[in-house]
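These are the residues of each chain, in order.
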Amino acid sequence: AEGGSSAQVAAQPAASGSTYETLLVTTEDKITTIKLNRPAKKNAITSGMYDEIVAALAQAAKDDSVITVITGAGDYYCSGNDLSNFTKIPEEGVEQLAKSSGELLRRYVSAYIDFPKPLVAVVNGPAVGISVTVLGLFDLVYASERATFHTPFSQLGQSAEGCSSYTFPKIMGHAKATEMLLFNKKLTAAQASELGLVTEVFPESSFQSEVWTRLKSYAKLPPKSLAYSKQLIRSTDKERLHAVNDAEVERLMERWLSDECMNAIMTFFQAKAKL
Amino acid sequence: AEGGSSAQVAAQPAASGSTYETLLVTTEDKITTIKLNRPAKKNAITSGMYDEIVAALAQAAKDDSVITVITGAGDYYCSGNDLSNFTKIPEEGVEQLAKSSGELLRRYVSAYIDFPKPLVAVVNGPAVGISVTVLGLFDLVYASERATFHTPFSQLGQSAEGCSSYTFPKIMGHAKATEMLLFNKKLTAAQASELGLVTEVFPESSFQSEVWTRLKSYAKLPPKSLAYSKQLIRSTDKERLHAVNDAEVERLMERWLSDECMNAIMTFFQAKAKL
Amino acid sequence: AEGGSSAQVAAQPAASGSTYETLLVTTEDKITTIKLNRPAKKNAITSGMYDEIVAALAQAAKDDSVITVITGAGDYYCSGNDLSNFTKIPEEGVEQLAKSSGELLRRYVSAYIDFPKPLVAVVNGPAVGISVTVLGLFDLVYASERATFHTPFSQLGQSAEGCSSYTFPKIMGHAKATEMLLFNKKLTAAQASELGLVTEVFPESSFQSEVWTRLKSYAKLPPKSLAYSKQLIRSTDKERLHAVNDAEVERLMERWLSDECMNAIMTFFQAKAKL
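Along each chain, residue indices are assigned from 1 in the same order as the chain's sequence is written. Here chains are named by letter from A upward and ligands by number from 1 upward, in the order in which they appear as written. Since the coordinates come from a predicted model, pLDDT governs what is reported: local features require at least 70, and pairs of side-chain atoms require 80 or more to be given and counted, while whole-chain, interface and lining totals use all residues. Just so you know, side-chain values use all the structure's heavy atoms and leave hydrogens and water out.

S.K.: Give me the lowdown on the overall build of chain A, citing residues and values where you can.
M.R.: Of the regular secondary structure elements, chain A holds ten helices and nine strands. The globule rule used for comparison is 2.2 Å times the number of residues to the exponent 0.38, while the radius of gyration itself is calculated over C-alpha atoms. Over its C-alpha trace chain A gives a radius of gyration of 18 Å, about what one expects of a compact globule, namely 19 Å for 275 residues. The principal-axis extent of the C-alpha atoms belonging to chain A is close to 50 × 45 × 35 Å. Each residue's exposure class comes from its accessible area (1.4 Å probe, protein chains only) as a fraction of the maximum for that residue type: buried when under 20%, exposed when over 50%, partly exposed otherwise. Scored against the burial criterion, the 275 residues of chain A give a buried share of 60%. Of the contacts made within chain A by residues no fewer than 6 positions apart, 73% connect residues no fewer than 24 positions apart. Method for areas: the Shrake-Rupley scheme with a 1.4 Å probe, in which residue coverage is limited to the protein chains shown. Carbon and sulfur atoms make up 54% of the accessible area of chain A, which totals about 10600 Å². For chain A, the separation between the mean place of its 28 positive charges and that of its 31 negative charges on side chains is 2 Å. Numbering goes from the N terminus for both helices and strands, where a helix is a DSSP run of H or I of at least four residues and a strand is a run of E of at least two. Should any heavy atoms of two residues lie within 4.5 Å, those residues are considered in contact. Only four residue types enter the tally: Lys and Arg on the positive side, Asp and Glu on the negative side, with His and both chain ends excluded. Every charge is mapped to an atom, namely NZ of Lys, CZ of Arg, CG of Asp or CD of Glu.

What follows is the structure, encoded as structure tokens:
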């Protein structure tokens with residue numbers, strides 16, 4: 001644990017050039033790390049935070065790093081879409097909110113589809129919703145044994161995004177993917193690794209030290225070989241992934257205005273108000 | 001087991017609206033259950049039974065149920081195509097039999113490809129042939145530990161159907177799929193689950209109670225979210241699945257008239273006659 | 001082990017009709033076996049050997065065997081591309097070497113994509129590089145527990161071939177495939193089987209006897225059913241596989257002339273010279 005902590009600190013110094021409100025972005029040892037930094041909100045993603053992640057990915061794509069990492073500050077990796085996003089209804093009404101949210105989502109997922117370098121998720125704790133679904137667009141997914149993977153879309157009257165309607169059945173087969181994407185099954189880290197969603201699971205005590213030691217050695221490999229190989233692997237699916245993203249966003253824009261979704265979200269906030 | 005039996009009975013009352021000869025079709029708790037009901041013949045599928053299943057699926061697609069289940073009466077889930085189908089040669093000859101059998105098969109598999117709601121297989125015992133191959137078109141597959149999965153096509157001079165030539169390699173990879181589809185390997189329930197063909201395996205003693213409890217809770221989720229999510233997941237493959245179905249049927253029509261197949265089926269009936 | 005040895009001898013008699021320098025090609029019990037036969041060089045594949053394998057596959061496609069096997073002589077299955085291939089620079093220069101190597105590679109991989117009968121790898125020991133990547137184009141892969149699977153492309157400034165940029169993610173998901181194809185992870189036989197790259201692993205002591213007993217029984221099945229079923233399974237991917245092969249070869253021709261690759265190969269030979 002000692003070594004783990006110091007390795008983490010070494011890889012992610014406190015500051016330098018980060019101009020984001022919701023992220024800590026640092027580059028060291030040829031690794032650019034985008035750390036989701038709203039630990040008090042379990043790193044739930046607000047509208048502004050989606051745009052910041054898109055900007056940070058664009059920056060990482062251009063900098064001289066070899067590998068890009070996304071991870072979370074605090075105990076959670078990411079609790080998914082911040083449901084308060086649904087309460088900021090503009091003057092033009094909920095249709096306009098659905099439309100702009102759809103555009104934002106499409107842009108967000110496209111940033112993952114088109115990312116040109118090896119992209120690694122360091123899943124330090126529970127992951128929910130869109131932080132899980134986009135994992136199929138990462139190249140490596142390392143998880144602490146504390147991590148869980150949960151996509152409770154239908155409970156909220158919604159539907160799958162992040163290209164998971166395509167990547168999850170491809171990774172684990174329909175019989176397993178449906179339990180996650182339709183029926184809200186939460187996976188442990190070990191289960192997610194068996195199904196191929198996660199590359200490898202590490203004990204919590206050595207998670208940070210083991211993962212960063214490995215990533216630092218990977219970042220010393222020939223950069224162009226890595227980037228070109230990643231692009232080669234993704235190229236056969238790229239066109240299809242954009243089409244899937246479009247179809248998922250279109251469905252979600254319909255869902256967000258549906259009675260099923262509105263009732264589910266109202267129930268969510270009523271339950272929260274009672275606490 | 002007690003709870004299991006009563007849950008099963010509760011979910012599948014003895015009658016109400018079923019007008020099928022070979023099936024028991026019931027709707028309860030928003031679940032439509034299509035039970036293959038030729039237990040004395042291990043639920044082998046006759047020509048007429050194929051058409052009844054197509055009709056029952058069409059009915060389930062339109063009714064107000066949320067989930068559709070296929071299961072078997074008695075000890076078997078389904079022993080596959082009833083080979084007696086091959087002995088009913090019409091006046092026009094075997095070519096006509098191959099042609100009409102091909103059309104029937106194409107229609108049968110299409111009914112699975114196009115089914116618009118979550119489709120669940122409750123595999124209560126051994127499954128053979130086409131009852132196994134179409135499992136790749138289901139959304140969930142729950143199996144008793146007694147279930148086995150066997151597709152002995154090449155032994156009979158035939159070839160894969162039910163879109164398994166596409167879905168099985170997608171689910172488990174070619175190295176595993178070939179042993180089933182070309183070399184007649186029979187899987188246990190546990191093996192089928194490891195390979196992703198089965199969602200989850202249950203002990204025989206609690207199979208019915210655990211599965212139906214789960215399905216009843218799933219059927220309470222927002223119906224449109226479930227149906228649209230299922231359609232979203234399947235939409236990327238739909239066109240390809242119909243093309244695969246066509247190619248498989250065309251190959252089988254050739255196979256059924258081949259010496260390899262005719263000899264194998266003759267041997268089968270001779271062996272049976274000797275018993 | 002006794003039985004194993006004798007079974008192997010029986011299946012692969014010392015001679016008959018083989019006119020290859022680097023291969024032993026024999027047909028017995030309806031099985032054509034192509035044995036890589038440079039055991040002193042761990043069966044590394046020279047330029048001439050690529051062409052011999054292409055020729056042997058073309059011969060096996062036409063002979064009256066039912067199943068074709070590739071295996072290795074000695075302790076190794078195959079150590080991959082013989083790096084001495086890179087040192088035979090023609091008068092026209094390295095660009096010409098890259099071009100002719102690319103053409104050879106394209107032809108070599110195409111021979112696997114188009115092979116019309118069940119193709120089986122009997123992986124008797126460590127497998128490296130292109131002997132691993134083409135495994136996704138085989139129909140069955142049997143491995144001794146001694147086998148390992150290693151594709152160290154990026155270490156050499158190169159990139160994936162053998163259609164592995166497409167088949168590996170399809171078989172095991174991106175999160176697992178990337179560790180092999182980008183980050184040089186070596187798999188044990190057991191790991192390769194869990195991920196679906198290998199059909200089954202056998203103890204070294206009984207490997208040869210168990211595998212050849214099984215293959216001999218498979219070779220008695222109806223030949224056309226087997227060949228047509230294999231072709232049916234592969235047909236949906238064939239066009240895409242050729243496109244993937246083209247893209248991989250194009251990338252490799254660029255890589256071979258890159259500083260990253262030239263430096264890595266120079267370092268390799270310098271390290272070797274010091275031994």
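S.K.: Outline the sheet that holds strand S9 (residues 200-202) of chain C, supporting the account with residue identities and numerical values.
M.R.: Residues and elements named next belong to chain C. When DSSP locates at least two bridges between a pair of strands, those strands are taken to pair. One open sheet holds the six strands; their spatial order is S1-S2-S3-S4-S6-S9, and the pairing between them is mixed. Edge positions in the sheet fall to strand S1 (23-28) and S9, since each of these pairs with one other strand and no more. Averaged over all neighbouring strand pairs, the angle between strand axes comes to 20°, with direction disregarded. Pairing between S1 and strand S2 (residues 31-36): six bridges, direction antiparallel. What sits directly across from Glu28, in S2, is Ile31. Axis lines are fitted to C-alpha atoms, over the contacting stretch for helices. Their N-to-C directions set the angle, which ranges from 0 to 180 degrees.

S.K.: Report on the sheet that holds strand S6 (residues 140-144) of chain B, specifying residues and quantitative values.
M.R.: Backbone hydrogen bonds hold the strands of a sheet together, and the pairing may be parallel or antiparallel. Residue and element names in this part refer to chain B. Strand order in this open sheet of six strands is S1-S2-S3-S4-S6-S9, and the pairing throughout is mixed. The open sheet has two edge strands with one neighbour each: strand S1 (23-28) and strand S9 (200-202). Looking at each pair of strands side by side, their axes are set apart by 20° on average, direction ignored. With four bridges joining them, strand S4 (residues 119-123) and S6 adopt parallel strand pairing. Within the sheet, the bridge partner assigned to Val120 lies in S6 and is Leu140.

S.K.: Describe the interface of chain B and chain C, listing the residues and the values that go with them.
M.R.: If you look at the interface, chain B gives 30 residues, while chain C gives 31 residues. Here the quantity called buried area is the accessible surface, traced with a 1.4 Å probe, that two parts lose on coming together, added over both. Across the interface of chain B and chain C, roughly 2500 Å² is buried in total on both sides, 61% from carbon and sulfur atoms. A per-residue breakdown of the area chain B buries against chain C is headed by His174, Leu182 and Phe183 of chain B, which together make up 26% of the total. For salt bridges, the criterion is a side-chain nitrogen of Lys or Arg within 4 Å of an Asp or Glu carboxyl oxygen. The tally of links between chain B and chain C comes to two salt bridges. In this structure, Arg240 of chain B and Asp237 of chain C form a salt bridge, with 4.0 Å as the shortest nitrogen-oxygen distance. Any pair of nitrogen or oxygen atoms within 3.5 Å is treated as a polar contact; in protein, a donor-acceptor pairing is required on top of that, and neighbouring residues in sequence qualify only through side-chain atoms on both sides. Joining chain B to chain C, the criterion identifies 13 residue pairs in polar contact (both at pLDDT 80 or more). The set of elements that each furnish at least two residues to the side of chain B that touches chain C consists of helix H5 (164-172), helix H6 (174-181) and helix H9 (223-256) of chain B. Among the elements that line the side of chain B that touches chain C, the one with the most residues is H9 of chain B, at seven residues. Gly falls in the polar group here, along with every residue not listed as nonpolar (Ala, Val, Leu, Ile, Met, Phe, Trp, Tyr, Cys, Pro) or charged (Asp, Glu, Lys, Arg). Of the residues assigned to the side of chain B that touches chain C, the class counts are ten nonpolar, ten polar and ten charged.

S.K.: Pulling in residues and values, what's your account of the relation of the copies chain B and chain C?
M.R.: Mapping chain B onto chain C is achieved by rotating through 120° and translating by 0.0 Å along the same axis, at an RMSD of 0.0 Å. On the angle and the small slide along the axis, the relation comes out as a three-fold axis. Minimal C-alpha distance to the rotation axis in chain B is attained by Lys170 of chain B, lying at 3.9 Å. Each copy contacts the other with its own distinct surface, as only 7% of the interface residues of chain B are interface residues in chain C too. What sets the superposition is a least-squares fit of C-alpha atoms, and only residues with pLDDT of at least 70 in both copies go into it.

S.K.: Can you tell me about the packing of H5 of chain B against H6 of chain B, naming the residues and giving the values?
M.R.: Residue and element names in this part refer to chain B. It is at 7 Å that the axes of H5 and H6 come closest, and there the two elements cross at 135°. If you check the angle between H5 and H6, you find them oblique. Like other packed secondary-structure pairs, H5 and H6 cross with a definite hand, here right-handed. Here Ser164, Ser165, Phe168, Pro169 and Met172 of H5 lie close against H6, whose contacting residues are His174, Lys176, Ala177, Met180 and Leu181. Across the contact of H5 with H6, the residue classes break down as six nonpolar, three polar and one charged. When describing relative orientation, an angle under 35 degrees is termed roughly parallel and one over 145 degrees roughly antiparallel, while 65 to 115 degrees is termed roughly perpendicular and anything else oblique. Each crossing gets its handedness from the near helix: less than a right angle anticlockwise from the far helix is left-handed, clockwise is right-handed.

S.K.: An account of the interface of chain A and chain C is requested, with residue identities and associated values reported.
M.R.: Contacts between chain A and chain C engage 31 residues on the former and 30 residues on the latter. Here chain A packs against chain C, burying approximately 2500 Å² in sum over the two surfaces, 60% of which is carbon and sulfur. Among the secondary structure elements, those contributing two or more residues to the side of chain A that touches chain C are strand S6 (140-144), helix H5 (164-172), helix H8 (207-218) and helix H9 (223-256) of chain A. The residue inventory of the side of chain A that touches chain C, partitioned by class, reads 16 nonpolar, six polar and nine charged.

S.K.: A description of the packing of helix H2 (residues 47-62) of chain B against helix H3 (residues 94-113) of chain B should follow, citing residues and the corresponding values.
M.R.: Residues and elements named next belong to chain B. Two elements in contact, H2 and H3, have axes whose closest approach is 10 Å; the angle formed by their N-to-C orientations is 30°. With respect to H3, the axis of H2 lies roughly parallel. Between H2 and H3 lies a crossing whose hand is left-handed. Contacts from Ser47, Tyr50, Asp51, Ile53, Val54 and Leu57 in H2 reach Leu104, Arg107, Tyr108, Ala111 and Tyr112 in H3. By residue class, the composition of the contact of H2 with H3 is eight nonpolar, one polar and two charged.

S.K.: Lay out the relation of the copies chain A and chain C in plain terms, naming residues and giving numbers.
M.R.: Least-squares fitting of chain A to chain C yields an RMSD of 0.0 Å, with the transformation described by 0.0 Å of translation along the axis and a rotation of 120°. The share of interface residues of chain A whose copies in chain C are also at the interface is only 6%, consistent with the copies meeting through different surfaces.

S.K.: Residue-level account of the packing of aromatic side chains, with values.
M.R.: Each aromatic pair joins two rings of Phe, Tyr and Trp (for Trp, the six-membered one) with centres within 6.5 Å, and gets the label stacked for planes under 30 degrees apart, edge-to-face for over 60, and tilted for any other angle. Counted under the stated rule, the structure contains 21 aromatic pairs over all chains. Ring geometry for Phe202 of chain A versus Phe207 of chain A: centroids 6.1 Å apart, planes at 50°, classification tilted. An angle of 70° between the planes, with centres 5.1 Å apart, marks the rings of Tyr108 of chain C and Tyr112 of chain C as edge-to-face. Of the two residues, Tyr108 of chain C and Tyr112 of chain C are both situated in helix H3 (residues 94-113); the distance of four residues between them amounts to about one turn of the helix. Clustering of aromatic rings is evident, with ring pairs tying together Tyr50, Tyr108, Tyr112 and Phe138 of chain A. Only lysine NZ and arginine CZ atoms are considered, and such an atom sits over a ring when it is within 6 Å of the ring centre and within 35 degrees of the ring normal. Between Arg251 of chain B and the ring centre of Tyr228 of chain C, over which it is positioned, the NZ or CZ distance is 3.6 Å.

S.K.: Give me the lowdown on H9 of chain A, citing residues and values where you can.
M.R.: Turn by turn, an α-helix covers 3.6 residues, leaving residues three or four places apart pointing in a common direction. A helix is expected to reach a length of 1.5 Å times the quantity of its residues less one. With 34 residues, H9 of chain A should cover 50 Å at 1.5 Å per step; its first-to-last C-alpha distance of 42 Å lies more than 12% under that length. At Asp237 of chain A, H9 of chain A is deflected by roughly 55°, the largest bend along its length. The bend reported for a residue corresponds to the angle between axes fitted to the seven residues ending at that residue and the seven starting there.

S.K.: Just give me the short version of the pattern of salt bridges, but keep the residues and values in it.
M.R.: Within the structure shown, the criterion is met by 54 salt bridges over all chains. Between Lys117 of chain B and Asp63 of chain B there is a salt bridge, with its nearest N and O atoms 3.1 Å apart. Taken together, the residues span a long stretch of sequence, with Lys117 of chain B in the loop between H3 and S4 and Asp63 of chain B in the loop between H2 and strand S3 (67-72) at a distance of 54 residues. By relative accessible area, which is 24% here, Asp63 of chain B ends up partly exposed. The salt bridge involving Arg255 of chain B is made with Glu254 of chain B; its shortest N-O contact spans 3.0 Å. Classification of Glu254 of chain B as partly exposed rests on a relative accessible area of 29%. By sharing partners, the salt bridges in this structure join Glu179 and Lys185 of chain A together with Glu200 and Arg214 of chain B into a single network.

None of the figures reported here should be taken as evidence of function without further support.
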